[in-house]
Amino acid sequence: MAATAWLERTDLTPYGGVEPNAEWAAEVRRLAEERDAVLLAHNYQLPEIQDIAHHTGDSLALSRIAAESEASTIVFCGVHFMAETAKILSPEKTVLIPDARAGCSLADSIDADQLRAWKAEHPGAVVVSYVNTTAEVKAETDICCTSSNAVDVVRSIPEDREVLFLPDQFLGAHVRRVTGRDNLHIWAGECHVHAGINGPELAEKAAANPDADLFIHPECGCATSALYLAGEGTVPAERVHILSTGDMVKAARQTKSSTVLVATEIGMIHQLKLAAPEIDFRAVNDRASCRYMKMITPAALLRALREGKDEVHVDPEIAARGRASVQRMIEIGQPGGGE
Ligand code: SF4
């Protein structure tokens, strides 16, 4: 079954017509309480959605918060694979996503059939999948990884075993460079938003802001350029930080620079400013906005809480296999954050 089979994407117009004012906020909170729901928002959500949520963070951290929460319902303000991961980790809970059409170009770059075919070409290889994958792909995976622990996960695999790394080619290239492993095969997937944050743009911004720190998500097309610039001495290596979104918030509280260039989806800037209001955070590409993330509008959230839609279902057998791949990652060490 294709990764996008849960949905026919003929119309991606977000639900609209609701102002995120105080009345809206009070109604969202009231309905959440009535439904015994915990509201989770990814770092790339609209600022008003981040602000109304009980918890904001990266995808895996939110799924773990959801699993530990006593609430019987999880409202996941993010994209579909994230809500699926929450369901995999909390099968007994009701998981709602305010708009199930919110997909992900990276997760959609490989489906379970494609992965099975790739595995058949490399018998005995260990499959390592980034968390930006569908439940069906996780079920075909040996070990999941996040951008924080991808290197540790790959290092945990015996040197002589082939590794199939998916779906992100930039994260894969980062892992191959750090581990120096040449039996690591990389799927040529990418996120259209992160791939659009490119090296020349980063080099130009870094030159214009010579004292700025650089926070770079490893999915970005510019991650390789950033390491190259550091290697060349164009940007001092200590200024380049390759970080997951969760780790960016921690780094924001610790940086000594008054300006930070941020290479990831622009929704991240909101959490960074909340964490360190005195710092000037600047997007490397201010057009890097994920249309899927922005489908979770104030109107969509209200609809989810009023109508109990859209509910996320994962086949129990697929969920169990997907959960095992996430569990193996957790056993290897600190999972850190995903996207
Ligand atoms: S920013 Fe990219 S990886 Fe993240 S949800 Fe959007 S399409 Fe997917």
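The rules behind each value
Residues numbered from 1 in each chain as written. Predicted model: local features only at pLDDT ≥ 70, side-chain atom pairs only at ≥ 80, totals over all residues. Near = placed C-beta within 6 Å. Nonpolar A, V, L, I, M, F, W, Y, C, P; charged D, E, K, R; others polar. Domains from an automatic or database assignment. Buried ≥ 20, exposed ≤ 12 C-beta atoms within 10 Å, placed from the backbone. Helix = DSSP H or I, 4+ residues; strand = E, 2+ residues; numbered from the N terminus. Arc of directions from axis to C-beta. Contact = placed C-beta atoms within 7 Å. Pairing = 2+ DSSP bridges. Right-handed = clockwise from strand over helix to strand, strands pointing away. UniProt positions renumbered as here; feature names shortened; annotations may be inferred. pLDDT = per-residue confidence, 0-100.

Novice: Honestly, the site of the ligand in this entry has me stumped. Any pointers?
Specialist: Taken together, 14 residues surround the ligand, and among them Cys104, Leu106, Cys191, Val193 and Cys290 come closest. Class assignment of the residues belonging to the shell around the ligand gives a composition of nine nonpolar, three polar and two charged. For the shell around the ligand, the two domains that each supply at least three residues are domain 1 (22–103 + 292–314) and domain 3 (193–283).

Novice: Help me understand helix α12 (residues 245–254) in this model?
Specialist: In an α-helix, one full turn covers 3.6 residues, which means residues spaced three or four apart are oriented alike. For α12, the set of buried residues is Thr245, Gly246, Met248, Val249 and Ala252. Viewed along the axis of α12, the buried residues span an arc of 160°, placing them on a single side of the element. The elements touched by buried residues of α12 are β2 (55–57), α3 (59–68), β9 (213–216), β11 (259–263) and α13 (268–275).

Novice: Honestly, unusual backbone geometry in this entry has me stumped. Any pointers?
Specialist: Most peptide bonds are trans, and most residues other than glycine sit at a negative phi. In this model, leucine 166 is joined to proline 167 through a cis peptide bond whose omega is -10°. Mapped onto the elements, proline 167 comes out in the loop between β7 (163–166) and α8 (169–179). At the junction of lysine 309 and aspartate 310, the peptide bond is cis and its omega measures out at -5° in the coordinates. For aspartate 310, the position within the fold is in the loop between α14 (298–307) and α15 (316–332). Backbone geometry at aspartate 36 places phi at a positive 55°, although glycine is not the residue there. Tracing the backbone through its elements, the reader meets aspartate 36 in the loop between α1 (22–34) and β1 (37–42).

Novice: Hey, could you run me through the pairing of strand β12 (residues 280–283) in this one?
Specialist: Within a regular strand, the side chains alternate between the two sheet faces. Across four bridges, the pairing between β11 and β12 is parallel. Looking at β12, one finds that valine 260 is bridged to phenylalanine 281. The β-α-β motif built from β11, the intervening α13 and the parallel element β12 has right-handed crossover chirality.

Novice: I keep staring at the pairing of β1 and nothing clicks. Help me out?
Specialist: Among the six residues in β1, six count as buried, and that is most of the element. Residues of β1 alternate between two faces, with Ala37, Leu39 and Ala41 on one and Val38, Leu40 and His42 on the opposite face, all of them buried. In the sheet, β1 pairs with strand β3 (residues 73–77) via five bridges, with the strands oriented parallel. Residue pairing for β3: valine 38 is matched across the bridge by isoleucine 74. Sheet topology note: the β1/β2 ladder contains three bridges and is parallel.

Novice: Can you walk me through the UniProt feature "binding site: [4Fe-4S] cluster" (unreviewed entry) in the protein chain in this structure?
Specialist: Here the UniProt feature "binding site: [4Fe-4S] cluster" (unreviewed entry) sits at Cys104, Cys191 and Cys290. The largest pairwise C-alpha distance within this set of annotated residues, which runs over 187 residues, is 9.4 Å, so the set is compact in three dimensions. For cysteine 104, a count of 24 C-beta atoms within 10 Å puts it in the buried group. When near neighbours in sequence (up to four residues on either side) are disregarded, cysteine 104 contacts Val79, His80, Phe81, Asn132 and Tyr292. Inspection of the secondary structure assignment puts cysteine 191 in the loop between β8 (184–186) and α9 (192–195). Taking the number of C-beta atoms within 10 Å as the measure of exposure, cysteine 191 has 28 and is therefore buried.

Novice: How should I be thinking about the confidence of the model for the protein chain in this particular structure?
Specialist: Predicted coordinates in areas of low pLDDT are best not read in detail. Mean pLDDT over the protein chain works out to 91, with 95% of the residues at or above the 70 mark. In the predicted structure, residues 1–6 sits below a pLDDT of 50 and forms 13 contacts with residues beyond four places in sequence or in another chain.

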